[in-house]
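# Geometric and topological summary
Here are the chains, one letter per residue:
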Amino acid sequence: SPCSSRLSSVTPLLDLETVPDEVREMASSLGINLEALNTPVSIDEVREMAEYLGIDAMREGYLLPLVKMALQAPLPKGWEVYKDDKGDPFYSHHKSGRTSYRHPADEYFMNRVLEDRTRHIKAVQEGSAVKASEPWLDFVDESNDRYWYNFRTQEKSTVRPALYSVLDKGTPR
């Protein structure tokens, strides 16, 4: 699983009051504390995880928030991370005895990508979604200032892109 250092220092990025029910359900099913979704991620980490999940970051901007959630996903309850003799991380669930070199939440996110992609294609066919949107995603820099990055044009903006507001239903950040 890419970006094995998925958890770093927590910065308050997310207003937990505005978290969609779908995200709350996902977190609950994986035994994840929603505070973990405040973990900052980098542009390169998002690119790497998008590729790992089979997402074209330049053409499937609607899936980028899911990529970010996958990077921020902590270990579900009962799982611990260790390093093998080569220094590569692996995951172990003591109760079941299961071990894996893939993060325990990866399968969930891979399935969500397929579901969300299918839902998007259907919505485009029905005319209720645009075929392509600009692939903007929000990030936080070292000074804890928010900015937006476009994965197609590589443009950075400190001003919230108008299209971004539509994609996240206008929730102020």
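The structure reproduced in this document is the subject of the present report. Keep in mind it's a predicted model, so treat the numbers as computed, not measured.

So, how was this worked out
Residues numbered from 1 in each chain as written. Predicted model: local features only at pLDDT ≥ 70, side-chain atom pairs only at ≥ 80, totals over all residues. Heavy atoms only, no water. Helix = DSSP H or I, 4+ residues; strand = E, 2+ residues; numbered from the N terminus. Buried < 20%, exposed > 50% of the residue type's maximum accessible area, 1.4 Å probe, protein only. Contact = heavy atoms within 4.5 Å. Areas by Shrake-Rupley, 256 points an atom, 1.4 Å probe, with all protein chains shown as cover. Polar contact = N/O pair within 3.5 Å; in protein donor to acceptor, adjacent residues only side chain to side chain. Axes fitted to C-alpha atoms, helices over the stretch in contact; angles between N-to-C directions. Parallel < 35°, antiparallel > 145°, perpendicular 65-115°, else oblique. Nonpolar A, V, L, I, M, F, W, Y, C, P; charged D, E, K, R; others polar.

## Comments concerning the overall build of the chain
For the chain, the count of helices and strands is 5 helices and 6 strands. Traced from its N-terminal end to its C-terminal end, the chain shows the element sequence α-α-α-β-β-β-α-β-β-β-α. Looking at the chain as a whole, 42% of its 173 residues are labelled buried. Sequence separation of 24 or more characterises 54% of the internal contacts of the chain that already satisfy a separation of 6 or more. As displayed, the chain has an accessible area near 10,200 Å², and 50% of this comes from carbon and sulfur atoms.

## Here we look at the side chain of aspartate 116
Its location among the elements puts aspartate 116 in helix 4 (residues 106-126). A relative accessible area of 14% means that aspartate 116 is categorised as buried. At 2.5 Å, the side chain of aspartate 116 and the side chain of arginine 119 are in polar contact. Once residues within four sequence positions are removed from consideration, aspartate 116 is found in contact with Tyr62, Leu63 and Leu66.

## Some remarks on the packing of helix 3 (residues 64-72) against helix 4
Relative placement of two packed helices is described by the angle separating their axes and the distance separating the axes. For the pair helix 3 and helix 4, the least separation of the axes is 11 Å and the interaxial angle reads 170°. It follows from the interaxial angle that helix 3 and helix 4 lie roughly antiparallel. Together, Leu66, Met69 and Ala70 of helix 3 and Phe109, Arg112, Val113 and Asp116 of helix 4 make up the contact between the two elements. Residues of the contact of helix 3 with helix 4, tallied by class, amount to 5 nonpolar, no polar and 2 charged.

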